[in-house]
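Single-letter residue listing:
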Amino acid sequence: MTEGSRLVVLEMTRIEATHLAGLVGQFVELLEDDVEGARTDDPAVARLVPPAYADDEEAAREFRSLTEDDLLSRRAADAHAVLSSLGPEITDEDADLSMATVTDVITIPLDPDGVRSWLRTLAAVRLVLASRLGIADDDDHSDDDPRFGIYDWLGFRLDGLVRAATEY
């Protein structure tokens with residue numbers, strides 16, 4: 001960490017962190033399957049690499065073919081950084097959730113690079129969920145529909161992290 005840079009400290013319950021690790025782990029699988037040549041027409045992956053040229057389909061396709069693998073690899077690296085910062089006790093698939101309670105809070109210190117990895121990962125996972133839920137704009141989302149709970153929780157976490165990162 002450089003002199004003058006500060007840590008952002010996240011707090012969340014162990015059960016939230018465990019569920020987040022599961023979501024981020026699934027996100028990594030989606031990215032790594034795609035990067036390894038199993039290219040699909042998955043709209044969620046496409047949403048992560050939007051066209052660079054909205055009015056020129058051929059130029060957009062060429063740009064995407066040149067940049068997509070690198071972009072998805074960087075997204076996977078960010079997601080791995082998030083998983084690493086959650087700690088092995090959280091990301092371990094054999095973690096005993098029966099020991100976790102709503103009040104069991106963990107703290108996650110993040111340096112500026114960690115904050116950026118978290119911001120990019122939470123936003124990307126939220127984009128994937130939006131694609132899966134059919135959310136293209138605010139009209140496609142209902143606060144009363146329980147299917148949007150995780151999407152909303154990620155938005156809450158993302159908003160909190162943005163606020164904490166911009167306060168210093």
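The preceding data block contains the structure.
Reference entry: report on the structure contained in this document. (Residues numbered from 1 in each chain as written. Predicted model: local features only at pLDDT ≥ 70, side-chain atom pairs only at ≥ 80, totals over all residues. Heavy atoms only, no water.)

## A look at the side chain of Arg 75
Working step 1: In this fold, Arg 75 is placed in helix H3 (residues 57-86).
Working step 2: Of the buried charged residues, Arg 75 lacks a salt bridge, with Asp 78 as the closest side chain of opposite charge at 6.5 Å.
Working step 3: Those residues in contact with Arg 75 that lie beyond four places of it in its chain are Phe 27, Leu 31, Leu 48, Arg 120 and Ala 124. (Helix = DSSP H or I, 4+ residues; strand = E, 2+ residues; numbered from the N terminus. Buried < 20%, exposed > 50% of the residue type's maximum accessible area, 1.4 Å probe, protein only. Lys, Arg positive; Asp, Glu negative; His and termini not counted. Salt bridge = Lys/Arg side-chain N within 4 Å of Asp/Glu carboxyl O. Contact = heavy atoms within 4.5 Å.)

## A look at the pattern of salt bridges
Working step 1: What the rule picks out here adds up to ten salt bridges.
Working step 2: Between Asp 113 and Arg 116 there is a salt bridge, with the nearest N and O atoms lying 2.4 Å from each other. Placement of both Asp 113 and Arg 116 in helix H5 (residues 112-133) is noted, with a separation of three residues, approximately one turn of the helix.
Working step 3: Given the relative accessible area of 40%, Arg 116 is considered partly exposed.
Working step 4: The salt bridge involving Arg 147 is made with Asp 145; its shortest N-O contact spans 2.9 Å.

## Observations regarding the pairing of strand S2 (residues 105-110)
Working step 1: Here S2 shows a clear split, with Ile 106, Ile 108 and Leu 110 buried on one side and none of Val 105, Thr 107 and Pro 109 buried on the other.
Working step 2: Alignment of strand S1 (residues 8-13) against S2, held across six bridges, turns out to be antiparallel. Directly across from Met 12, in S2, lies its bridge partner Ile 106. (Pairing = 2+ DSSP bridges.)

## Concerning the layout of surface pockets
Working step 1: Its volume calculated, the second largest pocket comes out at about 160 Å³.
Working step 2: Together, Leu 23, Gln 26, Phe 27, Leu 30, Val 125, Val 128, Leu 129 and Arg 132 line the second largest pocket.
Working step 3: Of all the elements in the fold, those that place two or more residues in the lining of the second largest pocket are helix H1 (14-35) and H5.
Working step 4: Of the residues in the lining of the second largest pocket, the class split is six nonpolar, one polar and one charged. (1 Å grid on protein atoms, 1.4 Å probe; cavity = no way out; pocket = protein on both sides within 12 Å on 5 of 7 lines; lining within 4 Å. Points joined across faces, edges and corners; volume = space filled by probe spheres on them. Nonpolar A, V, L, I, M, F, W, Y, C, P; charged D, E, K, R; others polar.)

## A short note on the nonpolar core
Working step 1: Ranked by internal contacts, the top residues of the largest apolar core, which has 41 residues, are Leu 20, Phe 27, Leu 86, Ile 108, Trp 118, Leu 154 and Leu 161.
Working step 2: Breaking this core down by element, the ones donating at least two residues are S1, H1, helix H2 (43-48), H3, S2, H5 and helix H6 (149-166).
Working step 3: The residues contacting Leu 20, other than those within four sequence positions of it, are Met 12, Trp 118, Leu 122, Trp 153 and Leu 154. (Core = buried A, V, L, I, M, F, W, Y, C linked by side-chain atoms within 4.5 Å.)

## Thoughts on H3
Working step 1: The terminal C-alpha atoms of H3 lie 40 Å apart, and with 30 residues this matches the ideal 44 Å at 1.5 Å per residue to within 8%.
Working step 2: Along its length, H3 reaches its greatest deviation from straightness, about 50 degrees, at Thr 67.
Working step 3: Buried residues of H3: Ala 60, Glu 68, Leu 72, Arg 75, Ala 76, Asp 78, Ala 79, Val 82, Leu 83 and Leu 86, and no others.
Working step 4: One or two steps after H3, the chain reaches Gly 87, where phi turns positive at roughly 95 degrees. (Expected span 1.5 Å × (residues − 1). Bend = angle between axes of the 7 residues up to and from the residue.)

## Considerations on the packing of aromatic side chains
Working step 1: Considering all chains together, one arrives at one aromatic pair under this definition.
Working step 2: In this structure, Arg 126 packs its charged tip against the face of Tyr 151, placed 3.9 Å from the ring centre. (Phe/Tyr/Trp six-rings, centres within 6.5 Å; stacked < 30°, edge-to-face > 60°. Lys NZ or Arg CZ within 6 Å of the ring centre and 35° of its normal.)

## Here we look at the environment of Ala 60
Working step 1: If you trace the backbone, Ala 60 turns up in helix H3.
Working step 2: Through-space distance from the C-alpha of Ala 60 to that of Pro 50 is 8.8 Å; in sequence the pair is ten residues apart.
Working step 3: Contacts of Ala 60, omitting those with residues within four sequence positions, involve Pro 51, Ala 52 and Tyr 53.

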